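An overview of the molecular structure
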Amino acid sequence: MNSLILRVVGRLLVPLMLLFSVFLLLRGHNEPGGGFVGGLMAVGAFGLYSLTYGVATARKALFVDPRTLVGLGLLLAVISGFGAAFIDAPYLTGVWFVWDLAPDFTLHVGTPTVFDVGVYLVVIGGVLMALFSVEDD
Amino acid sequence: MSWLLLSPMLIPFLGASVAFLAWNRPRFGQVVGVVSAVLLLITSVALLLDVHANGIRVVQAANWEAPFGISFVADHLSAIMVVLTAIIGLATIVYSLFDINRERTYYGYYPLLLTLLFGVNGAFLTGDLFNLYVWFEVLLLASFVLMSLGGTRPQLDGTLKYVFINLLASALLLVAIGLTYGMTGTLNMADLAVKLPLVENSGLVTAVATMFLIAFGIKAGIFPLFAWLPASYHTPPVAVSAIFAGLLTKVGVYTLIRAFTLLFTQDVGYTHQLLLWAAGLTMLTGVLGAAAQFEIRRILSWHIISQIGYMIMGLALYTPLALVGAVFYITHHIIVKANLFFVGGIIKRLTGSFELEETGGLYKASPLLAVLFLIPAFSLAGFPPLSGFWPKYILFRAGLEVESYLIVAVALITGILTTFSMTKIWAQAFWKGTPEGAARPVRGSRFRELRALYLPVMFLAGITIVIGVYAQPFLELAQASAAELLDSRAYVESVLGEGAYDPVLALTGSELGVAP
Amino acid sequence: MEWILAIVSGFIFACTLYLMLSRNLLRFVFGLSLLTNAGNLVIFTAGRVTRAAPPLIEEGATTAAATTANPLPQALILTAIVIGFGLLVFSIVLAYRNFEEMNTMDPDSIRVAEPLDETDKDAGDVRIEGAEVRT
């Protein structure tokens, strides 16, 4: 689609949407958001990009093949569950690391976060796979 | 301990994700597939032995306590099904090494196959109704893509019908689950087994039970909900057809058995009578449909339906002996049915066609294949001493014991017609000479070239003979699972803890805040 | 309150059935997406509609202070939405690929896998000339 408006707006919106998708992903654990929504937002960004500049350019902008993203995401998700083995709990039990970085700021990083990142990647890869295959024709 | 129970899910999942990651290295995908399948077989046998020795095994995923989190439960039936999945998975992956072309491998065949095994095992092991829905969707999504992979026109047509009818069933299942939750306030199957009998409005329970019957019935392919099966199962490559034929409808049968022994036993007179009618009609329509077909894969597809009827018959009669027959029948059927599809694939390789008219001369050209066809074919028809004889014998006896002569008569007629179908393939593809319009002349067995196809067939044929000749341990396993199915006390107590089985106590013990 | 939702979900089911029976693949896909939503609405209603506090526990406390709304149906629906989304994406792609190959949206005229007679095997090809899409 060769539209000047879309290209100008797209250039502005795509980075914003990608940034927002990461924000949604990280916010997800205690507040509305998460891997699925974040992933969809990122898919929206790449979808918009592919509409404006064509699928080939969008594929290039993604750097990796969507299938690799699916594989990576699945792997992250399944590995995150094994964290429970170290605290002798059943599979998928959350393991949390807490760092006091500043007086009023503690960083919680845990295996559920890794799981969420996995979901994020699977959603991006899976939906983009379908989207690109339809748009290609 | 918990890792052994979860390994039937974790191994294929891990394999699938690694193989997905290396999607552009098809060889690597094949290696990952074979390795995962072997590991899966080893761990699932270990799980079955463990369950047989120590009783029902339970894991509360992510450490959430029983009715609140998701429980994974391995009783005899689940463990048997998981072992069968592993056997068929291994056979299919080895068969695929030759049968699946490079293009399909490149588009993620092995990761998808492993995802399918992941979903099937999850469905067998979960102890939570909603989680069961999720597993169904996992295995369905993998099966959708597997069925359409390659994108030939018949495949697209078949997938269309397969996908849309199955999605309809899933939606129905979702609604039924929602209503169950509304009645009881829980979705943990053990908890449901305690709380469903206490629901005052028993008519509603029966209505919901019927919804489950329809949803699972579509997936199992019982009468009159099977139309999608003969429309789609003959379209994908043989390896895919075989694993679908062996496993997928049996997931439906497994869930039917689970639902109508553990959960919905309040109105047996209605629900199980309905099942009995469905069983008889399933057998008859399936076998008559097969009699009208002259394409090997389509004959076999119709036979899946008629065989489902036998399993449902065992469930519907609802006596200890009948359930033993049903479980034994599933064991025998999964192996034999997948094997017949595999043999069909070799027939196609040797003669160039699936159409019976265009095949022939195989008995003379390949006595090896003739023997390998006769073993599963006669087993399917129920000839002693092969594996099909025992479950049929048990089911007939169970039918006669409760004096349901009609269903036994139907089952006998179906058996005879099955023999007819198998002799039809035998006479046309093996006995008859090479026909005029044959696609290509048959030149021997080509064993050396097609060994990746022959090996799984031999492996499964060997299991068929072992089950037939040395049936005692298999019978014992089936008896143990039937005993567990009929008395849900052990299941409930191993999930919820000691003393949970007393219905009144359970209600006051864990009040969920949802008034029925 | 529940009875309104019950009627609404019943109405959506009716729409779904109408769409699914109208012999057009695209309408069938629309029907499917509606069907999942109707199912979600049933779960939502089955979880009881109550006016209550959100199911959050105050920091330091071990139980919720007031009667809280039931959090489980939302979790179930969220899962169902995610799954429904994935399946919808697949069915749209599938319906589109079918249209490309067979040049028809009428499921009754697609008989490649189960030909009624020999001519049916090529039925899709014949249709390319008079490609009709019922809307």
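Residues numbered from 1 in each chain as written. Chains lettered and ligands numbered in written order. Predicted model: local features only at pLDDT ≥ 70, side-chain atom pairs only at ≥ 80, totals over all residues. Heavy atoms only, no water.

**Concerning the overall build of chain B**
- When helices and strands are tallied, chain B shows 22 helices and 2 strands.
- Each principal axis of the C-alpha atoms in chain B carries an extent, and together these give about 75 × 55 × 40 Å.
- When the 516 residues of chain B are sorted by exposure, 67% land in the buried category.
- Nonlocal contacts in chain B, meaning residues at least 24 apart in sequence, comprise 80% of its contacts between residues at least 6 apart.
- Averaging the coordinates of the 27 positive side-chain charges in chain B and doing the same for the 26 negative ones gives two points 18 Å apart. (Helix = DSSP H or I, 4+ residues; strand = E, 2+ residues; numbered from the N terminus. Buried < 20%, exposed > 50% of the residue type's maximum accessible area, 1.4 Å probe, protein only. Contact = heavy atoms within 4.5 Å. Lys, Arg positive; Asp, Glu negative; His and termini not counted. Charge placed at Lys NZ, Arg CZ, Asp CG, Glu CD.)

**Some remarks on the packing of aromatic side chains**
Residues and elements named next belong to chain B.
- According to the stated counting rule, one finds 37 aromatic pairs over all chains in the structure shown.
- Seen in terms of ring centroids, Tyr109 and Tyr110 are 5.1 Å apart; in terms of plane orientation they differ by 90°. Their pairing is edge-to-face.
- Of the residues examined, Tyr109 reaches a relative accessible area of 1% and is grouped as buried.
- When the ring of Tyr162 is compared with that of Phe244, the centres are 6.1 Å apart and the planes differ by 25°; the resulting orientation is stacked. One end of the pair, Tyr162, is in helix 7 (residues 153–184); the other, Phe244, is in helix 11 (residues 238–263), with 82 residues separating them in the sequence. (Phe/Tyr/Trp six-rings, centres within 6.5 Å; stacked < 30°, edge-to-face > 60°.)

**Observations concerning the confidence of the model for chain B**
Residues and elements named next belong to chain B.
- The predicted model of chain B has a mean per-residue pLDDT of 88, with 97% of residues at 70 or higher.
- This model gives residues 505–516 a pLDDT under 50, and the stretch forms 17 contacts once residues within four places in sequence are excluded.
- Model confidence for the complex is summarised by a pTM of 0.91, with the ipTM given as 0.85. (pLDDT = per-residue confidence, 0-100.)

**Brief notes about a nonpolar patch on the surface**
Residues and elements named next belong to chain A.
- There is a patch of nonpolar side chains on the surface, built from Leu4, Ile5, Val8, Val9, Leu13 and Leu16 and spanning about 580 Å² of accessible area.
- Turning to its location among the elements, Leu4 is positioned in helix 1 (residues 4–27).
- Using a relative accessible area of 61% as the deciding quantity, one classes Leu4 as exposed. (Patch = residues over 30% accessible without salt bridge, like charges linked within 9 Å, V, L, I, M, F, W, Y side chains within 5 Å. Areas by Shrake-Rupley, 256 points an atom, 1.4 Å probe, with all protein chains shown as cover. Salt bridge = Lys/Arg side-chain N within 4 Å of Asp/Glu carboxyl O.)

**Structural notes on the interface of chain A and chain C**
- On the side of chain C, 6 residues touch chain A, which itself brings 7 residues to the contact.
- For the pair chain A and chain C, the summed buried area comes to about 580 Å², and 85% of that belongs to carbon and sulfur atoms.
- Where chain A meets chain C, there are 0 salt bridges.
- For the pair chain A and chain C, the number of links is 0 residue pairs in polar contact (both at pLDDT 80 or more).
- A total of 4 residues in the side of chain A that touches chain C trace back to one element, the largest contributor, which is helix 5 (residues 111–135) of chain A.
- Of the residues in the side of chain A that touches chain C, the class split is 5 nonpolar, 1 polar and 1 charged. (Buried area = accessible area lost by both parts, 1.4 Å probe. Polar contact = N/O pair within 3.5 Å; in protein donor to acceptor, adjacent residues only side chain to side chain. Nonpolar A, V, L, I, M, F, W, Y, C, P; charged D, E, K, R; others polar.)

**Considerations on empty space enclosed by the protein**
- Inspection of the entire model under this criterion finds 7 cavities of 30 Å³ or more.
- If you add up the space inside the largest cavity, you get close to 130 Å³.
- Looking at the largest cavity, the residues that line it are B:Tyr133, B:Leu167, B:Ser170, B:Ala171, B:Leu174, C:Leu32, C:Ser33, C:Thr36, C:Gly84, C:Leu87, C:Leu88 and C:Ser91.
- Of all the elements in the fold, those that place two or more residues in the lining of the largest cavity are helix 7 of chain B together with helix 2 (25–46) and helix 3 (72–102) of chain C.
- Tallied by class, the residues present in the lining of the largest cavity amount to 7 nonpolar, 5 polar and no charged. (1 Å grid on protein atoms, 1.4 Å probe; cavity = no way out; pocket = protein on both sides within 12 Å on 5 of 7 lines; lining within 4 Å. Points joined across faces, edges and corners; volume = space filled by probe spheres on them.)

**Structural notes on the environment of B:Ile11**
All names here are of chain B.
- With respect to the secondary-structure elements, Ile11 resides in helix 1 (residues 2–21).
- Spatially, the C-alpha atoms of Ile11 and Phe118 are 8.0 Å apart, while their sequence positions differ by 107 residues.
- What Ile11 contacts, discounting residues up to four positions off in sequence, is Ser36, Leu39, Leu40 and Thr43.

**Considering the interface of chain B and chain C**
- With 37 residues of chain B at the interface, the matching set in chain C holds 40 residues.
- Both faces considered, chain B and chain C share a buried interface measuring about 3,200 Å² in area, 74% of it formed by carbon and sulfur atoms.
- Taken as a group, B:Arg153, B:Phe164 and B:Tyr181 account for 23% of the area that chain B buries against chain C, more than any other trio of residues on that side.
- At the boundary of chain B with chain C, the tally comes to 0 salt bridges.
- Where chain B packs against chain C, one counts 4 residue pairs in polar contact (both at pLDDT 80 or more).
- Within the residue set of the side of chain B that touches chain C, elements represented by two or more residues are helix 6 (129–148), helix 7 and helix 10 (228–232) of chain B.
- No other element matches helix 7 of chain B, which puts 19 residues into the side of chain B that touches chain C.
- Taken together, the residues of the side of chain B that touches chain C break down into 24 nonpolar, 8 polar and 5 charged.

**Side note on the packing of helix 7 of chain B against helix 2 of chain C**
- Direction vectors running N to C along helix 7 of chain B and helix 2 of chain C enclose 15°, while the axes themselves pass 8 Å from each other. By the angle between their directions, the pair helix 7 of chain B and helix 2 of chain C is classed as roughly parallel. In this structure, helix 7 of chain B crosses over helix 2 of chain C, and the sense of that crossing is left-handed. Each of B:Leu160, B:Phe164, B:Leu167, B:Leu168, B:Ala171, B:Leu174, B:Val175, B:Gly178, B:Leu179, B:Tyr181 and B:Gly182 in helix 7 of chain B lies in contact with helix 2 of chain C, whose residues at this interface are C:Leu25, C:Phe28, C:Val29, C:Leu32, C:Leu35, C:Thr36, C:Gly39, C:Asn40, C:Val42, C:Ile43 and C:Ala46.
- Taken together, the residues of the contact of helix 7 of chain B with helix 2 of chain C sort by class into 17 nonpolar, 5 polar and no charged. (Axes fitted to C-alpha atoms, helices over the stretch in contact; angles between N-to-C directions. Parallel < 35°, antiparallel > 145°, perpendicular 65-115°, else oblique. Left-handed = near helix turned anticlockwise from the far one by under 90°.)

**Structural notes on unusual backbone geometry**
- Along the chain, B:Phe223 connects to B:Pro224 via a cis peptide bond; the corresponding omega equals -5°.
- With respect to the secondary-structure elements, B:Pro224 resides in the loop between helix 9 (202–220) and helix 10.
- Here B:Pro384 and B:Pro385 are connected by a cis peptide whose omega angle stands at 5°.
- Among the structural elements, B:Pro385 can be located in the loop between helix 16 (367–381) and helix 17 (389–401).
- A positive phi angle, close to 60°, is found at C:Asn103, a residue other than glycine.
- Structurally, the position occupied by C:Asn103 is in the loop between helix 3 and helix 4 (123–127).

**As for the pairing of strand 1 (residues 96–102) of chain A**
Residue and element names in this part refer to chain A.
- Sheet topology places strand 1 next to strand 2 (residues 105–110); 6 bridges connect them, and they run antiparallel. Paired with Trp99 across the bridge in strand 2 is Leu107.
- The antiparallel pairing of strand 1 with strand 2 creates a hairpin that spans 2 residues between the two strands. (Pairing = 2+ DSSP bridges.)

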